[in-house]
Amino acid sequence: MIVTDPNLIDKRLRRSALSASTSKSMRGCLVRWAGEKLLPRVSDPFAVSELGTSTHAVLEDLYNANAPTRTTDLFAELRDEHSKKQWSLERYQSLPDNLGPEGVPVEFNEWVKNQDRWKSEVDRLGLRTFEIEDPRETVVYKTELPFDGVTIAGGVPAMGYIDRVDIEIVRGEERFVVVDLKTGKQKSAFDLNRYGDDHGDQIRIYYDAIRALLGVAPAAGRIHYTQFGTSREIPLTELALEKTRKDFRAAWDIHNRVTENGRFPAKTGPLCGWCPLVNACPAAAAAGKKASDKLDTPPATAVALGIPTVRTDAIAMGSKEPYAPAPAPLVTAATAARSIAAAPASPPVAPTAEVAPADPFAASAPAPAPIVAPAPAVAPVIAFPVAAAQGAAHGAGDNADPNGTGTPTVTNEQPLFSEGKPWEPTINGRLNGASYSAMGVIGLTQVAGELLVEAGRPLNGQTLDQLTDLLAEVIVTVQKSVRNGDFDWDAGINTRIRGALRTTIETLPLPWDATTEDAWVEWKAKAIKRTRVFVVRAIRLYNLGDTVTATSFSALLPVGVAASAPVAAPVASPSVVAAATPIGVPRVAQPA
Ligand code: SF4
């Protein structure tokens, strides 16, 4: 999609600082991101996002109250107060055409009856916070802590509001703890691996923001899933923090490029069915994506929205503001920490609303759809390039601009890979071919290919993917088990685990003769166990240092053969080992 009005870009799309949610959006479909900001919406108190905001507001008031009073009774009182405002006559009169939640005009007496349903929704989404913790025992430093204008991730201006910063005693000291509340559900381990950990990234961005703002790093970060009564501790290791910082910098670069050149690339995916633009989007049509039948109202079409299709060589008008990329140098964790600590106070940056501001199509007639159809302007301000209507946005003959690089749209195919430093897994959303991550994933598909050919099995996309996924799951599971849930293809331990898996495959043959899938499931479980053993038993060896002595061989005798004479010397006990570990070789944690 191209936006041809630079004023619209500067007023509605361009950000002066990056929030965690915009950073996440930069990795997804930029047509959807821009479209949701540009097109007006009808308020629906039962929409998922609005119910989430309402529940947040009730919980914020709860935690702002005196600690001893934070009970379920107070929650109910606060919810009722918010309900009165939400369903007031004043609010009703501000609605366009007095629309009810289903987009149908209703009288006030009917409309106000929705409040009981609304209250039970807020209860459903928020009350289980009492299962996560006792709010009376929580020491709150601040709710909705703003951090406008701080510079993090090696030079990216950041903004946002942190739901809660608590104070907890950690190892005898009072420390900050970041808490974010989510009314949605936690991602499964599978989805975390596949789609990334945007919730974790959000907490890690807050971690850096608090360090920049308050001068002290938080001791921990958590997400409370208040609908489900669960909490998730977010890894704050330097490795995880550094990866989040890299992604944040990349997102800022994408934001700056697309707002500069006015071209917003489409990216089809599983969420297209829920996208308010799906019935207007040529890329979705080309990919066979349809509006979900679970939507209350069908999304508007391109005609209704007044979005024309134009030639691919149409001139996009980007921002009037100069392009301001994130500082390029890759900073290490240590230099990032130094630069954050030493950062001069940044000038305040105007808060950037994440919700769509005033309607630029105010003169238009509303359509009976969540997105109100604007009357087409004399000169269209946004348009879909014709090529997107003719073919897939990411297929052959791709005329879109997947990374907003401003590359001419007709002739250039976008490369699949970028090139950079080995420690940068991705650059502008493309896998860096020189990275440790690329070595890991490409090496693994090669292994899968070799195994298939050795076994005399067909080598095609399906067989290659299935075997690669099996091997990858072994690696991911083992790595997470030894890194407190962290996973990265570029981690050093990932390389070691891949080596261990090679040995597992040699010593535990793949079940090529199996006639059911159960044997493969069984192999996977055994392979995880065996690969992990290779990795964690090595810690014992490390701890022995140069005190290792081979004095007993009984375990090496054939099964059933008793050991001969008593061994010459006992195997060193753990305490002896600890004492005997040579100077300069610190003992490391060993699994039980
Ligand atoms: S339908 Fe899909 S590709 Fe089209 S704008 Fe929405 S999310 Fe993007």
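Rules behind the numbers
Residues numbered from 1 in each chain as written. Predicted model: local features only at pLDDT ≥ 70, side-chain atom pairs only at ≥ 80, totals over all residues. Heavy atoms only, no water. Helix = DSSP H or I, 4+ residues; strand = E, 2+ residues; numbered from the N terminus. Buried < 20%, exposed > 50% of the residue type's maximum accessible area, 1.4 Å probe, protein only. Near = heavy atom within 4 Å. Nonpolar A, V, L, I, M, F, W, Y, C, P; charged D, E, K, R; others polar. Core = buried A, V, L, I, M, F, W, Y, C linked by side-chain atoms within 4.5 Å. Contact = heavy atoms within 4.5 Å. Phe/Tyr/Trp six-rings, centres within 6.5 Å; stacked < 30°, edge-to-face > 60°. Lys NZ or Arg CZ within 6 Å of the ring centre and 35° of its normal. Salt bridge = Lys/Arg side-chain N within 4 Å of Asp/Glu carboxyl O. Expected span 1.5 Å × (residues − 1). Pairing = 2+ DSSP bridges. Axes fitted to C-alpha atoms, helices over the stretch in contact; angles between N-to-C directions. pLDDT = per-residue confidence, 0-100. Patch = residues over 30% accessible without salt bridge, like charges linked within 9 Å, V, L, I, M, F, W, Y side chains within 5 Å. Areas by Shrake-Rupley, 256 points an atom, 1.4 Å probe, with all protein chains shown as cover. Lys, Arg positive; Asp, Glu negative; His and termini not counted. Polar contact = N/O pair within 3.5 Å; in protein donor to acceptor, adjacent residues only side chain to side chain.

### What to know about the overall build of the protein chain
Line of reasoning, step 1. If you tally the helices and strands in the protein chain, you get 21 helices and 13 strands.
Line of reasoning, step 2. In the protein chain, which comprises 592 residues, the share counted as buried stands at 43%.

### Examining the site of the ligand
Line of reasoning, step 1. Surrounding the ligand, one finds C29, V31, R32, K267, T268, C272, C275, V278, C281 and A284.
Line of reasoning, step 2. Class assignment of the residues belonging to the shell around the ligand gives a composition of seven nonpolar, one polar and two charged.

### Quick word on the nonpolar core
Line of reasoning, step 1. Membership of the largest hydrophobic core comes to 51 residues, with the highest contact counts inside it found for V3, L13, I162, F248 and F264.
Line of reasoning, step 2. Residues within four places of L13 in sequence aside, it is in contact with V3, L8, W33, A34, K37, L38, H255, T259 and F264.
Line of reasoning, step 3. With 24 residues, the next largest nonpolar core counts L451, W489, A527 and V535 among its residues.

### Brief notes about the packing of aromatic side chains
Line of reasoning, step 1. Throughout the structure, instances matching the rule amount to 11 aromatic pairs.
Line of reasoning, step 2. Where W33 meets F264, the ring centres are 6.4 Å apart and the plane angle is 40°; that geometry is what we call tilted. With W33 in helix 3 (residues 30-38) and F264 in the loop between helix 12 (238-261) and helix 13 (282-286), the pair connects residues that are 231 residues apart, well separated along the chain. Accessibility classification places W33 together with F264 in one group, the buried group.
Line of reasoning, step 3. For the pair Y92 and F108, a centre-to-centre distance of 5.3 Å together with 65° between the ring planes defines the contact as edge-to-face. Of this pair, Y92 sits in helix 6 (residues 89-94) while F108 sits in helix 7 (residues 108-111), and the two are 16 residues apart along the sequence.
Line of reasoning, step 4. Given the relative accessible area of 24%, F108 is considered partly exposed.
Line of reasoning, step 5. Grouping aromatic residues by their ring pairs yields a cluster made of F46, W87, Y92, F108 and W111.
Line of reasoning, step 6. The residue whose ring lies beneath R117 is F46, and the NZ or CZ to ring-centre distance is 3.7 Å.

### Focus on the pattern of salt bridges
Line of reasoning, step 1. One pass over the structure, following the stated rule, counts 29 salt bridges.
Line of reasoning, step 2. The partner of D80 in a salt bridge is K119, with the nearest N and O atoms 3.5 Å apart. In this pair, D80 is assigned in helix 5 (residues 72-86) and K119 in helix 8 (residues 114-126), connecting sequence segments 39 residues apart.
Line of reasoning, step 3. Close ionic contact of R483 with D486 constitutes a salt bridge, the shortest N to O distance being 4.0 Å.
Line of reasoning, step 4. Residue classification places D486 among the buried positions, given a relative accessible area of 8%.
Line of reasoning, step 5. Salt bridges sharing common partners tie together D208, R211, E238, E242, R245 and R249.

### Concerning helix 12
Line of reasoning, step 1. Relative to the 34 Å expected for 24 residues at 1.5 Å per residue, helix 12 spans 35 Å between its end C-alpha atoms, a close match to the ideal helical length.
Line of reasoning, step 2. Counting buried positions along helix 12 gives 19 out of 24 residues, so the element sits mostly inside the fold.
Line of reasoning, step 3. Just downstream of helix 12, G262 is the residue with a positive phi angle, here 75°.

### Re the environment of V447
Line of reasoning, step 1. For V447, the location among the structural elements is in helix 17 (residues 436-454).
Line of reasoning, step 2. You can call V447 buried: its relative accessible area is 13%.
Line of reasoning, step 3. Residues within four places of V447 in sequence aside, it is in contact with L471, R502 and I505.

### Considerations on the sheet that holds strand 5 (residues 161-170)
Line of reasoning, step 1. Here five strands make up an open sheet; going across it, the order is 2-5-6-7-8 and the pairing mixed. Edge strands, defined here as strands with exactly one partner in the open sheet, are strand 2 (140-146) and strand 8 (230-233). Each neighbouring strand pair of the sheet contributes to a mean axis angle of 30°, computed without reference to strand direction.
Line of reasoning, step 2. Judged from the six bridges that link them, strand 6 (residues 173-182) and strand 7 (residues 220-225) form a sheet pairing that is parallel. The residue of strand 7 that forms the bridge with D180 is I223.
Line of reasoning, step 3. Here helix 4 (residues 48-64) sits on the sheet in contact with strand 2, strand 5 and strand 6, set at roughly 145° to strand 2.
Line of reasoning, step 4. Its contacts with the sheet put helix 11 (residues 198-214) on strand 2, strand 5, strand 6, strand 7 and strand 8, and the angle it makes with strand 6 is roughly 140°.

### Description of unusual backbone geometry
The phi torsion of most residues other than glycine is negative, and most of the peptide bonds are trans.
Line of reasoning, step 1. Residues other than glycine seldom take positive phi values, yet E144 does so here, at roughly 50°.
Line of reasoning, step 2. Along the chain, the position of E144 falls in strand 2.
Line of reasoning, step 3. On the accessibility criterion, E144 (26% relative accessible area) is partly exposed.
Line of reasoning, step 4. The residue N484 is not glycine, and still its phi comes out positive at about 50°.
Line of reasoning, step 5. Within the secondary structure, N484 sits in the loop between helix 18 (461-482) and helix 19 (492-507).
Line of reasoning, step 6. When its relative accessible area of 74% is taken as the criterion, N484 is described as exposed.

### Digging into the confidence of the model for the protein chain
Line of reasoning, step 1. On average, residues of the protein chain carry a pLDDT of 79, and 75% of them reach 70 or more.
Line of reasoning, step 2. Scored below 50 in pLDDT, residues 567-585 shows 18 contacts in the model against residues more than four places distant or in partner chains.

### Some points on a nonpolar patch on the surface
Line of reasoning, step 1. A surface patch of nonpolar side chains, amounting to about 310 Å² of accessible area, comprises L416, F417 and I442.
Line of reasoning, step 2. For I442, a relative accessible area of 37% translates into the label partly exposed.

### Brief notes about the environment of F130
Line of reasoning, step 1. Note on placement: F130 falls in helix 9 (residues 129-132).
Line of reasoning, step 2. Look at F130 and you get partly exposed, because its relative accessible area is 21%.
Line of reasoning, step 3. In this structure, the C-alpha to C-alpha distance between F130 and G229, residues 99 residues apart in sequence, is 7.4 Å.
Line of reasoning, step 4. Those residues in contact with F130 that sit more than four places away from it in its chain are L62, R70, T71, T72, F75 and P135.

### A word on the sheet that holds strand 11 (residues 417-418)
Line of reasoning, step 1. Ordered in space as 11-13-12, the three strands form an open sheet in which the pairing is mixed. Only two strands of the sheet have a single neighbouring strand rather than two, namely strand 11 and strand 12 (426-427).
Line of reasoning, step 2. Bridging between strand 12 and strand 13 (residues 430-432) involves two bridges; their strand directions are antiparallel. Note that in strand 13 the partner of I427 across the bridge is R430.

### Points about the side chain of R70
Line of reasoning, step 1. Position of R70 relative to the elements: it lies in the loop between helix 4 and helix 5.
Line of reasoning, step 2. Among buried charged residues, R70 stands out as having no salt bridge; its nearest opposite-charge side chain is D166, 7.3 Å away.
Line of reasoning, step 3. Polar side-chain contacts of R70 include one of 3.2 Å to the backbone oxygen of Y63.
Line of reasoning, step 4. When residues no more than four places from it in sequence are discounted, the contact partners of R70 are L62, Y63, A65, F130, P135, R136, T138 and V140.

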